[in-house]
Amino acid sequence: MNPSRLHRGWHLVQFQLAAAVHQRVAWVLSGAALAVVLAGAALRTFNFGAAESRFFVSVAEGVLVATGTLLAAVLGPALLGEGGATRTAPLFFSRGVRRSEWVGATLAAVWVVLGWLVVLLAGALTWLLVRHGHGSEVGAAWRQLAGGATGLVIVGAGAVLFAAVFERAAVATTATVALAVAGQLAPILKRLGATSTGAEALGWRALDWLVPNFSTMHTAPGQVALLYVVGYAAVYAVAAAVIFSRREL
């Protein structure tokens, strides 16, 4: 790859990350997620016994998925669409930056923010487990969190795709949240496709193909899950680049 293009891409990612840092909602959501995970220690009075560590991990994973989805749903439209609204993006385009590079930088910035959230909550969970005598289960806890984190890779790509499809940020945000919810309910979609007939069955099966099944992150072997995530993320990213390249700013 052309070194100058890599250099330009790196600067675009930095620009989008700086824009993400200035999004107050990102800090609010991250702070709230950290507080909820740490607050799990206050519920020890219910005496969960041997299930205490599983409770901590389940809370952390749920908070990660919910907060990560909201972060992606807000940041994707804000970073991809805001540049066009403020004429920042056209300024870059006039200097030779391709729209696909802008989409790629946006997606990379969203993924970096989501990665930072994963590290933040994994650190808080690790502290909780070690602090309360469950240090031997840290490795298993990280593996479970990884399932939620890999699902967010797809959600982040979906957020950028919907930001490219819809000009209104609110619509793109809603579509991203809907994608995340549908991904959690994907096994139900598969059953509906299997039990339906005719055109209805074809519709459910098509929806099943379009919507990722997030349970795969926990049930499939590591390499299969990785390919699954990369495949969906790549399809969403390419679609976002193609659509955004044809959109009027």
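Above this text sits the structure in question.
Attention in this report is confined to the structure presented alongside it. Going along each chain's sequence as written, the residues are numbered from 1 onward. Reporting of local features is limited, given that this is a predicted model, to residues whose pLDDT is at least 70; pairs of side-chain atoms are given and counted only at 80 or more, and all residues count toward the totals for whole chains, interfaces and linings. The side-chain values count all of the structure's non-hydrogen atoms but skip hydrogen atoms and water molecules.

1. Regarding the overall build of the chain
Which entries qualify depends on this criterion: The numbering of helices and of strands both runs from the N terminus, where a helix is a DSSP run of H or I of at least 4 residues and a strand a run of E of at least 2. Residue exposure (1.4 Å probe, protein chains only): buried if accessible area is under 20% of the type maximum, exposed if over 50%, otherwise partly exposed. The contact rule is simple, with two residues in contact once any of their heavy atoms fall within 4.5 Å. Exposure was quantified through the Shrake-Rupley algorithm and a 1.4 Å probe, taking into account, for residues, occlusion by the shown protein chains and nothing else.
Assigned secondary structure in the chain consists of 11 helices and 0 strands. Starting at the N terminus, the α and β elements of the chain follow one another as α-α-α-α-α-α-α-α-α-α-α. Counting only residues that meet the buried cut, the chain has 41% of its 249 residues in that class. Long-range contacts, defined here as pairs at least 24 residues apart, represent 76% of the contacts in the chain between residues at least 6 apart. Taken as a whole, the chain presents about 13,000 Å² of accessible surface, with 68% of it coming from carbon and sulfur.

2. Section: the pattern of salt bridges
Put simply, the test is: A pair is scored as a salt bridge if a Lys or Arg side-chain nitrogen falls within 4 Å of a carboxyl oxygen belonging to Asp or Glu.
Evaluated as defined, the whole model comprises 1 salt bridge. As a salt-bridge pair, Glu101 and Arg8 come within 2.9 Å of each other at their nearest N and O atoms. Placement of the pair is Glu101 in helix α5 (residues 99-131) and Arg8 in helix α1 (residues 3-21), with a sequence separation of 93 residues.

3. Describing the nonpolar core
Worth spelling out the cut-off: The nonpolar core is taken to be a set of buried Ala, Val, Leu, Ile, Met, Phe, Trp, Tyr and Cys residues, with the residues joined through side-chain atoms within 4.5 Å.
Counting residues in hydrophobic clusters, the biggest one holds 62 residues, and the most contacted among them are Leu71, Leu80 and Leu125. No other element matches the 15 residues that α5 contributes to this core. Excluding residues within four positions of it along the chain, Leu125 makes contact with Val37, Phe56, Val57, Ala60, Ala141 and Leu145.

4. A word on the packing of α5 against helix α11 (residues 222-245)
Convention followed: Structural elements are reduced to axes, namely lines fitted to C-alpha atoms, with helices fitted over the stretch in contact, and the angle between N-to-C directions of any two is expressed from 0 to 180 degrees. Just so you know how the angles are binned, under 35 degrees is roughly parallel, over 145 roughly antiparallel, 65 to 115 roughly perpendicular, and the rest oblique. Each crossing gets its handedness from the near helix: less than a right angle anticlockwise from the far helix is left-handed, clockwise is right-handed. Three residue categories are used. Nonpolar comprises Ala, Val, Leu, Ile, Met, Phe, Trp, Tyr, Cys and Pro, charged comprises Asp, Glu, Lys and Arg, and polar comprises the others, including Gly.
Relative to each other, α5 and α11 sit at 140 degrees, their axes nearing to 8 Å. Comparing the axis directions of α5 and α11 gives the class oblique. Helix-helix and strand crossings are classified by hand; for α5 and α11 the assignment is right-handed. Facing α5, whose interface residues are Arg99, Ser100, Trp102, Val103, Leu107 and Trp111, α11 presents Ala233, Ala237, Ala240, Ala241, Phe244 and Ser245. For the contact of α5 with α11, a count of residues per class yields 9 nonpolar, 2 polar and 1 charged.

5. Concerning the packing of α5 against helix α6 (residues 138-165)
Relative orientation of the contacting elements α5 and α6 amounts to 160 degrees, with a least axis distance of 10 Å. Here α5 is positioned roughly antiparallel relative to α6, judged by the angle of their axes. The chirality of how α5 crosses α6 is right-handed. Where α5 abuts α6, its residues Val103, Thr106, Leu107, Val110, Trp111, Leu114, Val118, Ala122, Leu125, Thr126, Leu129 and Val130 lie against Val138, Ala141, Trp142, Leu145, Ala149, Leu152, Val153, Gly156, Ala157 and Val160. Split into classes, the residues belonging to the contact of α5 with α6 amount to 19 nonpolar, 3 polar and no charged.

6. Let's talk about the side chain of Thr176
Residue position: Thr176 is located in helix α7 (residues 169-184). Taking relative accessible area as the criterion, Thr176 reaches 0% and is therefore assigned buried. Beyond its immediate sequence surroundings of up to four residues, Thr176 is in contact with Ala73, Val155, Gly158, Ala159 and Phe162.

7. Some thoughts on the side chain of His134
Positionally, His134 belongs in the loop between α5 and α6. Among the residues examined, His134 registers a relative accessible area of 12% and is labelled buried. Not counting chain neighbours up to four residues away, the residues in contact with His134 comprise Glu52, Ser53, Phe56 and Leu129.

8. Concerning the packing of aromatic side chains
For clarity, the cut-off: Pairing of aromatic rings covers Phe, Tyr and the six-membered ring of Trp, with a centre-to-centre limit of 6.5 Å; geometry is then stacked below 30 degrees between planes, edge-to-face above 60, and tilted otherwise. Any Lys NZ or Arg CZ found within 6 Å of a ring centre and within 35 degrees of that ring's normal is scored as a charge over the ring.
Within the structure shown, the criterion is met by 10 aromatic pairs. Here the aromatic rings of Phe93 and Phe244 are separated by 6.4 Å at their centres, their planes lie at 65 degrees, and the arrangement is edge-to-face. Highlighted residues: Phe93 in helix α4 (residues 88-94) and Phe244 in helix α11, separated in sequence by 151 residues. You can call Phe244 buried: its relative accessible area is 0%. Centroid distance Tyr232 to Tyr236: 6.0 Å. Interplanar angle 65 degrees. Geometry classified as edge-to-face. You can see Tyr232 and its partner Tyr236 sitting in helix α11, 4 residues apart, about one turn around the helix. The burial state of Tyr232 is the same as that of Tyr236; both residues are buried. Three or more aromatic residues joined by ring pairs make a cluster, and in this case those are Phe15, Phe92, Phe93, Trp102 and Phe244. Geometry around Phe244 places Arg99 over its ring, the cationic atom sitting 5.8 Å from the centre.

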